[in-house]
Amino acid sequence: MTTFTWNVSQLDCYPQADNQTDVVFNIHWRCTGTDGTYTGTVYSTASVPAPTGTFVPYADLTQEQVLGWIWANGVDQASTEAAVQAQIDAQINPPVVTPPLPWTA
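The rules behind the values
- Residues numbered from 1 in each chain as written.
- Predicted model: local features only at pLDDT ≥ 70, side-chain atom pairs only at ≥ 80, totals over all residues.
- Heavy atoms only, no water.
- Pairing = 2+ DSSP bridges.
- Helix = DSSP H or I, 4+ residues; strand = E, 2+ residues; numbered from the N terminus.
- Contact = heavy atoms within 4.5 Å.
- Polar contact = N/O pair within 3.5 Å; in protein donor to acceptor, adjacent residues only side chain to side chain.
- Buried < 20%, exposed > 50% of the residue type's maximum accessible area, 1.4 Å probe, protein only.
- Arc of directions from axis to C-beta.
- Expected span 1.5 Å × (residues − 1).

1. Details of the pairing of strand S2 (residues 20–35)
Examined bridge by bridge, strand S1 (residues 3–17) and S2 share 13 bridges and lie antiparallel to one another. By the bridge assignment, Thr-5 is partnered in S2 with Thr-32. Linking two consecutive strands that pair antiparallel, namely S1 and S2, is a turn of two residues; a positive phi of about 50° is found at Asp-18 within it. Sheet topology note: the S2/strand S3 (residues 38–47) ladder contains ten bridges and is antiparallel. Bridging from a neighbouring strand, Asp-35 pairs with Tyr-38 of S3. The turn linking S2 back onto S3 is made up of two residues, and Gly-36 within it adopts a positive phi angle of 65°.

Take a look at the structure:
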């Protein structure tokens, strides 16, 4: 059974925007799956629109909140996890193998 972990590694911010400081506009994220000794990963970035409504100061952001932003702005959680699972499946049952040449010892 594969365990998926989502992480945010970096937030790109505008120093000043709409009278706020450190306004996030780009999120660097990674989804990693582990099944025993097999691991797969997808890394990407997601752009997010300018905040509307109540602004959350940078220091008060949580990883869960930021992950919610990427999923709400075009990152498909299920298909990303499926892509990671496909990497793991290919390690478990390789679609191509390269055995040693039969005439070498």
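2. What about the environment of Gln-63?
Secondary-structure assignment places Gln-63 in helix H1 (residues 63–72). In this structure the C-alpha to C-alpha distance between Gln-63 and Ser-9, which are 54 residues apart in sequence, comes to 9.6 Å. If near-sequence neighbours (up to four positions away) are discounted, Gln-63 is found in contact with Trp-6, Asn-7 and Val-8. Of the polar contacts made by the side chain of Gln-63, one reaches the backbone nitrogen of Val-8; its length is 3.0 Å.

3. Describing H1
Looking at H1, one finds that the buried residues are Val-66, Leu-67 and Ile-70. Seen from one end, H1 has its buried residues packed into an arc of 100°, which puts them on one side. The exposed set on the far side of H1, more than 90 degrees from its buried face, consists of Glu-64 and Ala-72. Just downstream of H1, Gly-74 is the residue with a positive phi angle, here 110°.

4. Considering helix H2 (residues 77–92)
Given a rise of 1.5 Å per residue, 16 residues ought to cover 22 Å, and the 23 Å separating the end C-alpha atoms of H2 matches this to within 8%. Among all positions in H2, only Thr-80, Glu-81, Val-84 and Ile-88 are buried. Seen along its axis, H2 keeps its buried residues to an arc of 95°; they face one direction. Considering only its buried residues, H2 is in contact with S1, S2 and S3. For H2, the N-terminal capping position is held by Asp-76, with its side-chain oxygen 3.0 Å away from the main-chain nitrogen of Ala-78.

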